[in-house]
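Structural features, examined
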Amino acid sequence: MDKQLNDEEDVEDDDDDDGKRKKLSSQQKKTIKSLQNFPAFTKEYKKLNNSTQKKAWDKHLSGKKVTWKGYVMEAKGKKVYVWGGDKYKDQKWSQVKKSKKNEAYQVFLADFGRKAPKKTLKTGDKVTIQGTIMSSGDAKQNLHWKLYNAKLKSK
């Protein structure tokens, strides 16, 4: 069963602890619907407060299959760090993870599991990667995103 969220798919309301239907905020809906576009998604996700961020993550984002684009920052076997932000300026992962500008939030780690990508990836290569989102980034804490079961998609 595919858990991919399509742009056309309606986002269901949350149930609260009493089992009553509770409407998602317009910002939560906007965030969830932007999931397939990494730069747009990270901008929208950052606008949510901690409580609504957690609810959206737990019920609507974690475990979803996504296809994100970006630029290879570093490829180490089965793990590839990808700059998914709007502008790539040859940033290095070693610098970004220590950045005071919280740049790691614009990065996703693609974990290919048992098999490294067949294509040799070099820094600066533009890639499209499909995977399951299992770990959220955090702009305030300079944390990157993680995709598991990643697959390199042809353009």
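The shown structure was predicted, so the numbers you read here are calculated from the model rather than taken from an experiment.

**Examining the overall build of the protein**
Along its length, the protein carries four helices and seven strands. Each helix (α) and strand (β) of the protein, taken in turn from the N terminus, gives the series β-β-α-α-α-β-β-α-β-β-β. For the protein, the residues scored as buried account for 45% of the 155 residues in total. Excluding contacts between residues fewer than 6 apart, the proportion of contacts in the protein whose partners are at least 24 apart in sequence is 63%. About 9500 Å² of surface is accessible on the protein, with carbon and sulfur atoms providing 45% of the total.

**As for the packing of helix α1 (residues 26–33) against helix α2 (residues 38–47)**
Helix packing geometry: the angle between the two helix axes and the distance between the axes. The interhelical angle for the contact between α1 and α2, taken along N-to-C directions, is 155°, at an axis separation of 8 Å. Judged on the interaxial angle alone, α2 and α1 are roughly antiparallel. Considering the relative orientation of α1 and α2, their crossing is left-handed. Across the interface between the two elements, Gln27, Lys30 and Thr31 of α1 pack against Phe41, Glu44, Tyr45 and Lys47 of α2. When the residues that make up the contact of α1 with α2 are grouped by side-chain class, the tally is two nonpolar, two polar and three charged.

**Here's the deal with the confidence of the model for the protein**
Averaged over all residues, the pLDDT of the protein equals 87, while 85% of them reach at least 70. Residue range residues 1–10 is modelled with pLDDT below 50. Its contacts to residues more than four positions away, or to other chains, number 14 contacts. Contacts from residues 16–20, a stretch scored under 50 in pLDDT, to residues over four places away or in other chains number three contacts.

**With respect to the pattern of salt bridges**
Applying the stated criterion to the full structure yields six salt bridges. Across the pair Asp111 and Lys79 runs a salt bridge, and its minimum N-O distance is 3.5 Å. Pair noted here: Asp111 is in strand β5 (residues 107–111) and Lys79 is in strand β4 (residues 79–83), with a separation of 32 residues, a long-range link.

**Re the sheet that holds β4**
Through backbone hydrogen bonds, the strands of a sheet pair up, either in parallel or in antiparallel fashion. Overall, mixed pairing links the five strands, which are arranged β3-β4-β5-β7-β6 in a closed barrel. Going from strand to strand, the sheet's axes swing by 55° on average, the running direction of each strand aside. As judged from the five bridges shared by β4 and β5, these two strands associate in the antiparallel manner. From the neighbouring strand, Trp83 faces β5, where its bridge partner is Val107. α2 contacts β3 (65–76), β5, β6 (126–135) and β7 (145–153) of the sheet and is inclined by roughly 165° relative to β7.

**Quick word on unusual backbone geometry**
Phi at Asn102 is positive, roughly 55°, even though this residue is not glycine. Here Asn102 is to be found in the loop between α4 (93–96) and β5. For Asn149, which is not glycine, the phi torsion reads 55° and is therefore positive. Mapped onto the secondary structure, Asn149 falls in strand β7. Of the residues examined, Asn149 reaches a relative accessible area of 57% and is grouped as exposed.

**Describing the side chain of Glu44**
Its location among the elements puts Glu44 in helix α2. Glu44 sits in the buried class, given a relative accessible area of 11%. Not counting chain neighbours up to four residues away, the residues in contact with Glu44 comprise Gln27, Lys30, Thr31 and Ser34.

**Some remarks on the packing of aromatic side chains**
Counted under the stated rule, the structure contains 13 aromatic pairs. Judged by centre distance (5.6 Å) and plane angle (50°), the rings of Tyr105 and Trp145 are tilted. Here the residue Tyr105 occupies a position in the loop between α4 and β5, and Trp145 occupies one in strand β7, the gap between them amounting to 40 residues.

The rules behind the values
- Residues numbered from 1 in each chain as written.
- Predicted model: local features only at pLDDT ≥ 70, side-chain atom pairs only at ≥ 80, totals over all residues.
- Heavy atoms only, no water.
- Helix = DSSP H or I, 4+ residues; strand = E, 2+ residues; numbered from the N terminus.
- Buried < 20%, exposed > 50% of the residue type's maximum accessible area, 1.4 Å probe, protein only.
- Contact = heavy atoms within 4.5 Å.
- Areas by Shrake-Rupley, 256 points an atom, 1.4 Å probe, with all protein chains shown as cover.
- Axes fitted to C-alpha atoms, helices over the stretch in contact; angles between N-to-C directions.
- Parallel < 35°, antiparallel > 145°, perpendicular 65-115°, else oblique.
- Left-handed = near helix turned anticlockwise from the far one by under 90°.
- Nonpolar A, V, L, I, M, F, W, Y, C, P; charged D, E, K, R; others polar.
- pLDDT = per-residue confidence, 0-100.
- Salt bridge = Lys/Arg side-chain N within 4 Å of Asp/Glu carboxyl O.
- Pairing = 2+ DSSP bridges.
- Phe/Tyr/Trp six-rings, centres within 6.5 Å; stacked < 30°, edge-to-face > 60°.

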